[in-house]
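# A closer look at the structure
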Amino acid sequence: MAQYSEQLDGIFQALADPTRRAVLTRLGEGPASVGELAKPFDMALPSFMKHIRFLEDSGWIQTRKQGRVRTCALEQESMITAQSWLAEQRALWEGRTDRLEQFVTTREEDNRNGSITDK
């Protein structure tokens, strides 16, 4: 469980930064070189490479160097892990809201039927 939690921490921490989210959005269109990914951002390449390394370390992307060009591509495993966790949370909270709705509905029906007296 702790390893799963650490993995999730890295996955969501990577998404916390707008530059990294923009890189992931762009990579959703297909692989791209680091130079191409860096173009829209007003930062030095070494600073941009920190974002690339963070995304790679957290499992969001895979990089491959061919000659002088480093190409980045999305990795599906982090997306699957994030989606699984979110689905678990959704099921948990939907169950809670369903029980709350049932409780409120039952109370309203009891009030209409005079089953509950105010004290």
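The structure we're discussing is the one just above.
Below is a short write-up of the structure. (Residues numbered from 1 in each chain as written. Predicted model: local features only at pLDDT ≥ 70, side-chain atom pairs only at ≥ 80, totals over all residues. Heavy atoms only, no water.)

Right, let's talk about the side chain of R20 for a bit. The residue R20 is located in helix 2 (residues 18-27) in this model. One buried charged residue, R20, forms no salt bridge at all, with the nearest opposite charge on D17 at 4.5 Å. Only 3.3 Å separates the side chain of R20 from the backbone oxygen of Q13, close enough to count as a polar contact. Excluding residues that lie within four positions of it along the chain, R20 makes contacts with Q13, A14, H51, F54 and L55. (Helix = DSSP H or I, 4+ residues; strand = E, 2+ residues; numbered from the N terminus. Buried < 20%, exposed > 50% of the residue type's maximum accessible area, 1.4 Å probe, protein only. Lys, Arg positive; Asp, Glu negative; His and termini not counted. Salt bridge = Lys/Arg side-chain N within 4 Å of Asp/Glu carboxyl O. Polar contact = N/O pair within 3.5 Å; in protein donor to acceptor, adjacent residues only side chain to side chain. Contact = heavy atoms within 4.5 Å.)

Moving on, we come to the sheet that holds strand 2 (residues 61-66). Spatially, 1-3-2 is the arrangement adopted by the 3 strands of the open sheet, whose pairing is antiparallel. Lying at the two open borders of the sheet, with one neighbouring strand each, are strand 1 (32-33) and strand 2. Across the sheet, helix 2 lies against strand 1, strand 2 and strand 3 (69-74), angled at about 85° from strand 3, the strand it touches most. (Pairing = 2+ DSSP bridges. Axes fitted to C-alpha atoms, helices over the stretch in contact; angles between N-to-C directions.)

Taken together, the side chains of L100, F103 and V104 present a nonpolar region at the surface, about 290 Å² in accessible area. Within the fold, V104 resides in helix 5 (residues 76-112). (Patch = residues over 30% accessible without salt bridge, like charges linked within 9 Å, V, L, I, M, F, W, Y side chains within 5 Å. Areas by Shrake-Rupley, 256 points an atom, 1.4 Å probe, with all protein chains shown as cover.)

What follows deals with the pattern of salt bridges. Any two side chains of opposite charge can pair if their charged atoms end up close together. One pass over the full model with this rule turns up 1 salt bridge. Measuring nitrogen to oxygen at the nearest pair gives 2.7 Å for the salt bridge that ties R26 to E36. In this pair, R26 sits in helix 2 while E36 sits in helix 3 (residues 34-38), placing the two residues 10 residues apart along the sequence. On the accessibility criterion, R26 (21% relative accessible area) is partly exposed. The class of E36 is partly exposed, set by a relative accessible area of 38%.

The geometry of an aromatic ring pair comes down to the distance between the two centres and the angle between the two planes. Counted by the stated rule, this structure contains 2 aromatic pairs. Between F41 and F48, the aromatic rings sit 5.6 Å apart at their centres with planes inclined by 25°, giving stacked as the arrangement. Across this residue pair, the class does not change: F41 and F48 are buried. Across from the ring centre of F54, 4.2 Å away, lies the NZ or CZ of R20, which sits over that ring. (Phe/Tyr/Trp six-rings, centres within 6.5 Å; stacked < 30°, edge-to-face > 60°. Lys NZ or Arg CZ within 6 Å of the ring centre and 35° of its normal.)

Shape descriptors only; they carry no functional weight alone.
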